[in-house]
Amino acid sequence: MTDGGMSGGIGFAAALAAWDAAAPAPARACGLKVADLLRGFHPDHRPGGMVQLVAGPNEGAPCPAQLAALLQSDSLLEDVDLAGATILDADVLVLGGGGAGCVAALAAARAGARVLMATKLRMGDGNTVMAEGGIQAAIGAEDSLQRHFEDTLRAGHFAADKALVAALVGDGPDAIRWLVREGMSFDLADERQRMGGALLRKKPGGATAARLLSYRDFTGLELMRALREAVLLQPGISVLDGHPALELLTDDRGRCGGAALQDLGQRRLVLARAGATIMATGGAGRLHLAGFPTSNHYGATADGLVLAYRAGARLREMDSFQFHPTGIAWPPHLEGTLISEAARSAGARLVNGRGERFVEELAPRDVVASAMLRELAEGRGVGRDGKLGLFLDTPSLEREQPGILAQRLQTLSHLAHRAGFDPAREPFLVRPTLHYQNGGMAIDTDGRSALPGLLAAGEVTGGLHGRNRMMGNALLELVVFGRRAGASAAADARQERPRNLGLNHLAGWRRGLLAAGLGLEAKGPLLFPPYGNVTPQDLRRHAA
Amino acid sequence: MKVLTDPALCVGADLAAWMARGGGEGLSRALAEPASIIPVLEAAGLRGLGGAGFPTHRKWSAVAAQPGPERWIICNGNEDEPGTFKDRFLLAETPHQVIEGALIAAVATGAAQVVLYVNPREAAGVLACHAAVAAWQAHPLAAAVSAAIGQALCLRVVESSGHYIGGEETGAVSSVMGGFPFPRLKPPFPFEQGVNDRPTLINNVETLAHVAHILRHGAAWYRALGLGDAAGTKLYSLSGDVLRPGLHELPMGTPLRELVFVHGGGMLAGKAFKAVFTGGPSNTLLTGADLDVALDFESVRARGSRLGTGAMIVVGEGTSILRKTAEYVAFFAANSCGQCPPCKIGTHQVSRILERLDTGAGRIGDLEALENLSHMLPGSGRCGLVDGAATVLASSLETFRAEYEAALPRG
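Nothing here was measured: the structure is a model prediction, and the numbers come from that model. (Residues numbered from 1 in each chain as written. Chains lettered and ligands numbered in written order. Predicted model: local features only at pLDDT ≥ 70, side-chain atom pairs only at ≥ 80, totals over all residues. Heavy atoms only, no water.)

(A) Looking closely at the overall build of chain A. Helices and strands together make up the secondary structure of chain A, namely 16 helices and 22 strands. For chain A, the proportion of its 544 residues judged to be buried stands at 62%. Carbon and sulfur atoms form 52% of the exposed surface of chain A, whose accessible area is close to 18,800 Å². Averaged over its 58 positive side-chain charges, chain A has a centre that lies 1 Å from the centre of its 57 negative ones. (Helix = DSSP H or I, 4+ residues; strand = E, 2+ residues; numbered from the N terminus. Buried < 20%, exposed > 50% of the residue type's maximum accessible area, 1.4 Å probe, protein only. Areas by Shrake-Rupley, 256 points an atom, 1.4 Å probe, with all protein chains shown as cover. Lys, Arg positive; Asp, Glu negative; His and termini not counted. Charge placed at Lys NZ, Arg CZ, Asp CG, Glu CD.)

What follows is the structure, given as structure tokens:
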């Protein structure tokens, strides 16, 4: 699994001619059972796609090669780098400024803790704001916590931790009340009823009840807006933007007591000492696992996983990722950008380089993505300027439902405009894009990891989604577990103060790497993907 | 007094004509006394005229102080924002002013790699630059520059991808290196790590065009061109509801009223003055209360706005602020590179709401949504694009709220 299943493909001009001649595209039978399709072509299942971890708490577990290389990397720091570093003290340190980090910081501060929130980029500049669909919570009269629980477990192929899922769905209704109190707006069933109105509920894919709450189609942005304002107004929270964590600090008992941060502006190291540390650094999409493009933000480089793993926290389901079927394949500067499911829901078909339909477009995401990868792997993809994809047939859709692109699919039309073509005349070139990290740090229902002093919330954690995440559960997760982790951290910080802090875990970690025959050449975390121009070597140099 | 747009200097790519009109004098003085170049610019008070107003001598000193032999100069002519049309004029009509300024910068900073970075959509400018650069290659002054910096001067034209963000400094660096103009995080700043990770000086075309004149006539002469504390002249791109839109070179610090009612010939069709979208158009609107403002960096900032590129898009009674704002935000949405999610999502959603409001399809809660977005978005991107979109939105919404309310559905 090194190239995302790429091979030759059919030239763009020839494919366009085949599509034009055949439109509307005839369907070709799949000829494979769903289980075989997934086993054969889903990136999670493809043979050779995973390597086994050979060092650390998850030794023996499967994991994508790029991620394994980072998880089993050496630190960017040495003990000597800490000498003379600026020291900041807090009760609770929150790493990450997306949704989960903000909720955790608010919860901890309101429980009486002095909170330091450190972000790699800036508060709110993360994946949370890209959530378009909404947030799930069982608040309908015909719905129940039990149904939300069962829907979530089923969607995750029954691999999720039941206690975590129970906590998630159980806190759901109160999480919505909390968001409303924070000032977040939701769509109302009747827009004219401004006071006391019921929230509008939609049915998310795979759910047995209407449970998806939304705000227009930028729920994540509105959520982040409310959280950001709340954080800025909350006494007791200091925000440090542009301060990525390079390493966790541990004391002589192995307990986590903060982190070493790189102040990007001043180019100096800052030691943030805290009684409890909350990891809220998000996922790993920007590692482009198996060569896939990603819908993820530039900052999603698995930094939190790397730091936590190295310090002794256990991970789970690190071999499970969600792929969204329709990411842009061409032009290159928009590669990976999502075209939402709304296009396929409205009737847009997927067509291969021979002008054939090859899958039922509204099947579950993993099935559609696998069928697409099969087309690409078997040479029926469409090649354009070295990029390989499949057609999303927007011209036929527009022909069948005139005006639909302008009226219902404005976001898609906006993307086409940015890509420089007319979607009513030319189909999009799409391919599956890395969307979400299903696994992550193992936590308990209070958000605590196995490493004392270290808690976690949001996409960096695993166990809630099993092997496949349901739409609308990611936003709920960050609220529910952000609150839980924040409250737990405030309580923990009252009881434990760090002592003899340093990079105490690194000696053992390095011995482990060497014992496993890995060497110390590879450094991590990645922090900034290659095109960001700031390399880990730069940081190391500036830190020195 | 016209300096940059003096018709006598609009000789196109004809280098002999440029030299016959005093061209080369500034460069010769720079070559005679390289150490004095930066102090002269400092004394003249030259500032970045691409919009930031950053003191030019500080950028030059920063690049000059960097270690290593490889340094770059990018003459930023990517100009793409609505309402700004000054750089394309300079590049097409009088490119030698710009090149001579860039060569003086090369002498001052020791940079042998000089790039005229131009927007391919402005074909006349691209052609003129190619011809002008070709003319310099064999000129003795170019050889003298090579001798002064101890390396062979490499002067060339690089066409940008034509994207607006290609004008952002780090986007320009990426573009010159052959990539898509994705802005990146700063630091490191281009002066320390730009093209090929080497020190890189990036100046707007208008800024560089002044340099040869300053070296030739002196700092005191340049300072005296401006009004009040402001120095030099400024190219104001005047457009919108005025009688005589166009490029006006006037003393820096010319009052807005004079620009609109004297040089611009007053409001089109005698309509009352309503507002001005300034330089970008990504700033707080100037209104009738600001007609007395001197159009220089400090005075405009004191009114809570920015001079920016010097673009002044004038709006009169009868023109819809909502429509204009919708157009500009649509521009920003189309030009967001998509790296920072709040910018990618936010500019697009603001654009959609404005478009809906303007076409009579507004919804209850739209104004709250716009207000909330205008609070959320500033500062959420690595470059200034999202800030500009949020500022123009917030400002128009605050100052002309009645126009927004009138567009809401009744009842």
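The rest of the description comes next.
(B) The arrangement of the environment of B:W72 in detail. Residue and element names in this part refer to chain B. Residue placement: W72 occurs in strand 1 (residues 72-77). The class of W72 is buried, set by a relative accessible area of 7%. For the pair formed by W72 and L243, sequence separation is 171 residues and the distance between their alpha carbons is 42 Å. Leaving out residues up to four positions away in the same chain, W72 has contacts with A111, Q113, V115, R156, V176, V195, N196, R198, P199, T200 and L201. Among the polar contacts made by the side chain of W72, one reaches the side chain of E70 at a distance of 2.9 Å. (Contact = heavy atoms within 4.5 Å. Polar contact = N/O pair within 3.5 Å; in protein donor to acceptor, adjacent residues only side chain to side chain.)

(C) Broad picture of the interface of chain B and chain A. Each side of the interface is counted separately: chain B has 43 residues, and chain A has 41 residues. Together chain B and chain A conceal approximately 3,600 Å² of surface at their shared face, both sides included; 53% is due to carbon and sulfur atoms. The tally of links from chain B across to chain A stands at five salt bridges. Of the charged contacts, one joins B:R352 and A:D217 as a salt bridge, the two residues approaching to 2.8 Å between their closest N and O atoms. Elements that contribute at least two residues to the side of chain B that touches chain A include exactly helix 14 (321-335), helix 15 (341-358) and helix 16 (366-376) of chain B. Take the side of chain B that touches chain A: its biggest share by element is ten residues, from helix 15 of chain B. Partitioning the side of chain B that touches chain A into residue classes produces 20 nonpolar, 14 polar and nine charged. (Buried area = accessible area lost by both parts, 1.4 Å probe. Salt bridge = Lys/Arg side-chain N within 4 Å of Asp/Glu carboxyl O. Nonpolar A, V, L, I, M, F, W, Y, C, P; charged D, E, K, R; others polar.)

(D) View of the pattern of salt bridges. All names here are of chain A. Counted under the stated rule, the structure contains 65 salt bridges over all chains. Note that R316 and E317 form a salt bridge whose closest N and O atoms lie 2.9 Å from each other. Like R316, the residue E317 is buried in the burial classification. Notably, a salt bridge pairs D319 with R467, separated by 3.4 Å at the nearest N-O pair. One end of the pair, D319, is in the loop between strand 13 (315-316) and strand 14 (321-328); the other, R467, is in the loop between strand 21 (461-462) and helix 14 (473-495), and 148 residues separate them in sequence. Judged by relative accessible area, R467 falls into the partly exposed class, the value being 24%. By sharing partners, the salt bridges in this structure join R28, E356, R374, E375, E378 and R380 into a single network.

(E) Region of the structure containing the pairing of strand 12 (residues 268-279) of chain A. All names here are of chain A. Judged by how many residues are buried, strand 12 sits mostly within the fold: ten of twelve residues are covered. Where strand 5 (residues 86-95) and strand 12 come together, nine bridges link them in parallel fashion. Paired with D89 across the strands is R273, a residue of strand 12. Pairing between strand 11 (residues 256-263) and strand 12: six bridges, direction antiparallel. Each residue of the ladder has a partner; that of L261, found in strand 12, is V270. Linking strand 11 back to strand 12 in an antiparallel pair, the connection comprises four residues, with R267 at a positive phi of about 55°. (Pairing = 2+ DSSP bridges.)

(F) Here's a closer look at the domain arrangement of chain B. All names here are of chain B. The domain boundaries assigned to chain B delineate domain 1 (7-224), domain 2 (233-314) and domain 3 (321-406). Across the domain 1 to domain 2 interface the summed buried area is about 1,400 Å²; carbon plus sulfur atoms make up 60%. Ionic pairing is found between K234 and E206, a salt bridge with its closest N-O pair at 2.9 Å. At the junction of domain 1 and domain 2, the tally comes to six residue pairs in polar contact (both at pLDDT 80 or more). Listing elements by their share of the side of domain 1 that touches domain 2, those giving two or more residues are helix 5 (87-93) and helix 10 (205-217). Counted by class, the side of domain 1 that touches domain 2 contains seven nonpolar, seven polar and four charged residues. (Domains from an automatic or database assignment.)

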